[in-house]
Amino acid sequence: MTTQNTHLHIDGVSKNFGDVKALSDIDLKIERGSFVCLLGPSGCGKTTLLRIIAGFETASRGRLMLDGSDIAQIPPHKRGFGMVFQSLALFPHMSVARNIAYGLKLRGVSGKEQRNRVEELLNVIQLPSIADRPVSALSGGQRQRVAIARALAIQPKLFLLDEPLSALDAKLRDNMQIELRQLQQKFGVTTILVTHDQHEAMMLADELVVLKDGAVRQAAAPSVVYQQPADSFVADFLGAANLIDAGAYKSGEIELLGTSSKFATHHPEGTRLQAAVRAEHIQLLPVSAAGHAPVGTVAFMRDLGPATELIVDVGRERLRVRCPNTECQGLEIGTQVAVVLDPAHMSVFNAA
Ligand code: ATP
């Protein structure tokens, strides 16, 4: 059921391009004022879903309900959505001010109001003195801000962004993510952003929608998706988890890493499982303190500054481990270590 706070309901949307099933039965309720990131690998259908919302594609099945009304018949330019795409599509030889005012002019807003709005937005994007410059004379980051200001100028009902930061270098991209999030909060505009970058999605989103092969695998707050991934794909896609072969053992326990390590599970005995454990949730101890913990050998070490990244071989498994530098002194390649897994930080999935 659509709640009062649902701004956009993507209701059972599917899309086929000939034989290609780009989207299958997408059902999402997007809350008013929220920032939603559509995240997934190349070809998972992110852009297709955004283009259907924008009105550039039509769904093969399903409905788009904006504030409870079906918008299928409304053409893109009448939906009142602000859009920023990777290519930005600014008019290079027009001034910054004319670019930002473009949508306002099309809507018949008076010259005075256009000037006021442009001035306000240039202040918001912290570029108050560039109104008269041609867009072709701006840096990449400045153009990005102008494209965002242009999309927000019309006070859009929805703000849609497709990989808007992917052309920027890492440092600028980091800064722009913070600015984008602050702008979105300031305007309180419902925002949907497409990205294949999990860090970007974690940084920006109130709700993360993870897609694979045209279907939603999980939709939840970033911390929930990170800590309680719905399946092994999500666990692996977000933060490169270790996926360890395991088996359901007698009396609701699992066995993994060829030892008697056991954790409670609801899977019936004999089921093949996968346990997902993040690198930072594996603890390494001296073998003398191992107890029943499995023992492995350090195969690789890299100092990352505050932490050390290690590969530890345990039987047939290669585990990625990240430990604070203070906790891995004395370790070197070839050292034998006990590997301690915390059930509170482990997700278990059916391997099938
Ligand atoms: P990327 O991150 O690479 O942009 P994406 O997740 O945005 O990928 P889409 O561009 O939505 O994925 O594509 C989803 C699937 O639909 C892909 O298999 C793609 O080849 C196919 N597809 C998209 N647009 C068309 C089209 N116009 N005609 C035919 N197939 C298409």
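Everything here concerns the structure above.
Residues numbered from 1 in each chain as written. Predicted model: local features only at pLDDT ≥ 70, side-chain atom pairs only at ≥ 80, totals over all residues. Heavy atoms only, no water.

Helix and strand counts for the protein chain stand at eight helices and 20 strands. When its C-alpha atoms are laid out on the principal axes, the protein chain stretches across 80 × 45 × 35 Å. Expressed as a percentage of its 352 residues, the buried residues of the protein chain come to 48%. In the protein chain, of all internal contacts separated by at least 6 residues, the share reaching a separation of at least 24 is 66%. With an accessible surface of roughly 17,300 Å², the protein chain has 49% of that area assigned to carbon and sulfur atoms. Charge separation in the protein chain, taken as the distance between the mean sites of 36 positive and 36 negative side-chain charges, equals 9 Å. (Helix = DSSP H or I, 4+ residues; strand = E, 2+ residues; numbered from the N terminus. Buried < 20%, exposed > 50% of the residue type's maximum accessible area, 1.4 Å probe, protein only. Contact = heavy atoms within 4.5 Å. Areas by Shrake-Rupley, 256 points an atom, 1.4 Å probe, with all protein chains shown as cover. Lys, Arg positive; Asp, Glu negative; His and termini not counted. Charge placed at Lys NZ, Arg CZ, Asp CG, Glu CD.)

On to the sheet that holds strand β2 (residues 20-31), then. Across the sheet, which stays open at both edges, the four strands sit in the order β2-β1-β4-β5 with antiparallel pairing between neighbours. Two strands close off the open sheet at either side, each with one partner strand: β2 and β5 (69-70). Packing of helix α1 (residues 46-54) onto the sheet brings it into contact with β1 (6-17), β2 and β4 (61-66), and relative to β1 it is tilted by some 120°. (Pairing = 2+ DSSP bridges. Axes fitted to C-alpha atoms, helices over the stretch in contact; angles between N-to-C directions.)

Once that is clear, we can look at the layout of surface pockets. The volume enclosed by the largest pocket comes to roughly 520 Å³. Considering the residues around the largest pocket, the lining is formed by 19 residues, among which F81, M83, Y102, R107 and R150 are closest to the centre. Listed by contribution, the elements that provide at least two residues to the lining of the largest pocket are β6 (82-85), α2 (96-106) and α4 (140-153). Ranked by residues supplied to the lining of the largest pocket, first place goes to β6 with four residues. When grouped by side-chain class, the residues that make up the lining of the largest pocket number 13 nonpolar, four polar and two charged. Of the volumes computed, that of the second largest pocket is approximately 250 Å³. Elements with a minimum of two residues in the lining of the second largest pocket: α6 (198-204) and β18 (317-324). In terms of residue class, the lining of the second largest pocket is built from four nonpolar, three polar and five charged. (1 Å grid on protein atoms, 1.4 Å probe; cavity = no way out; pocket = protein on both sides within 12 Å on 5 of 7 lines; lining within 4 Å. Points joined across faces, edges and corners; volume = space filled by probe spheres on them. Nonpolar A, V, L, I, M, F, W, Y, C, P; charged D, E, K, R; others polar.)

A few words on the nonpolar core. Counting 47 residues, the largest nonpolar core has I100 and F159 as its most contacted members. The dominant element in this core, judged by the number of residues it contributes, is α4, at seven residues. The residues touching F159, leaving out its near neighbours within four places in the chain, are G82, V84, I148, A151, L152, L180, V189, T190, T191 and I192. (Core = buried A, V, L, I, M, F, W, Y, C linked by side-chain atoms within 4.5 Å.)

Contacts to the ligand come from F17, V20, A22, P41, S42, G43, C44, G45, K46, T47 and T48. Between the ligand and G43 there is a distance of 2.8 Å, counted from an oxygen atom to a backbone nitrogen or oxygen. Between G45 and the ligand, the recorded distance is 3.0 Å, taken from a backbone N or O atom to an oxygen atom. Looking at the shell around the ligand, the elements that each hand over two or more residues are β2 and α1. When grouped by side-chain class, the residues that make up the shell around the ligand number five nonpolar, five polar and one charged. (Near = heavy atom within 4 Å. Polar contact = N/O pair within 3.5 Å; in protein donor to acceptor, adjacent residues only side chain to side chain.)

Further remarks concern the pairing of strand β8 (residues 190-195). For β8, the buried fraction is high: six of the six residues fall into the buried class. Of the two faces of β8, the one lined by T190, I192 and V194 and the one lined by T191, L193 and T195 are each fully buried. Strand direction decides the pairing type here: strand β3 (residues 35-39) and β8, joined by five bridges, are parallel. By the bridge assignment for β8, F35 is matched with T191. As judged from the five bridges shared by strand β7 (residues 158-162) and β8, these two strands associate in the parallel manner. Note that in β8 the partner of F159 across the bridge is T191.

Before going further, it helps to spend a moment on the environment of A246. Position of A246 among the secondary structure elements: in strand β11 (residues 242-249). Setting aside its immediate chain neighbours within four residues, A246 contacts I254, E255, L256, T271, R272 and L273.

Let us now look at α4. Over its 14 residues, α4 extends 20 Å from the first C-alpha to the last, a length consistent with the 20 Å expected when each residue adds 1.5 Å. The buried count for α4 comes to twelve of 14 residues, which makes it a mostly enclosed element. Every buried residue of α4 is accounted for by G141, Q142, Q144, R145, V146, A147, I148, A149, R150, A151, L152 and A153. Q155 lies just past α4 and shows a positive phi near 50°. (Expected span 1.5 Å × (residues − 1).)

Our focus in this paragraph is the packing of α2 against helix α3 (residues 111-124). Two measures define how a pair of helices packs: the angle their axes make with one another and the distance between the axes. Where α2 meets α3, the closest approach of the two axes is 9 Å, and the angle between their N-to-C directions is 125°. As summarised for this structure, α2 and α3 are arranged oblique, according to the angle between their axes. In terms of crossing hand, the pair formed by α2 and α3 is right-handed. Touching V96, A97, I100, A101, L104 and K105 of α2 are Q114, R117, V118, L121 and L122, all from α3. By residue class, the composition of the contact of α2 with α3 is eight nonpolar, one polar and two charged. (Parallel < 35°, antiparallel > 145°, perpendicular 65-115°, else oblique. Left-handed = near helix turned anticlockwise from the far one by under 90°.)

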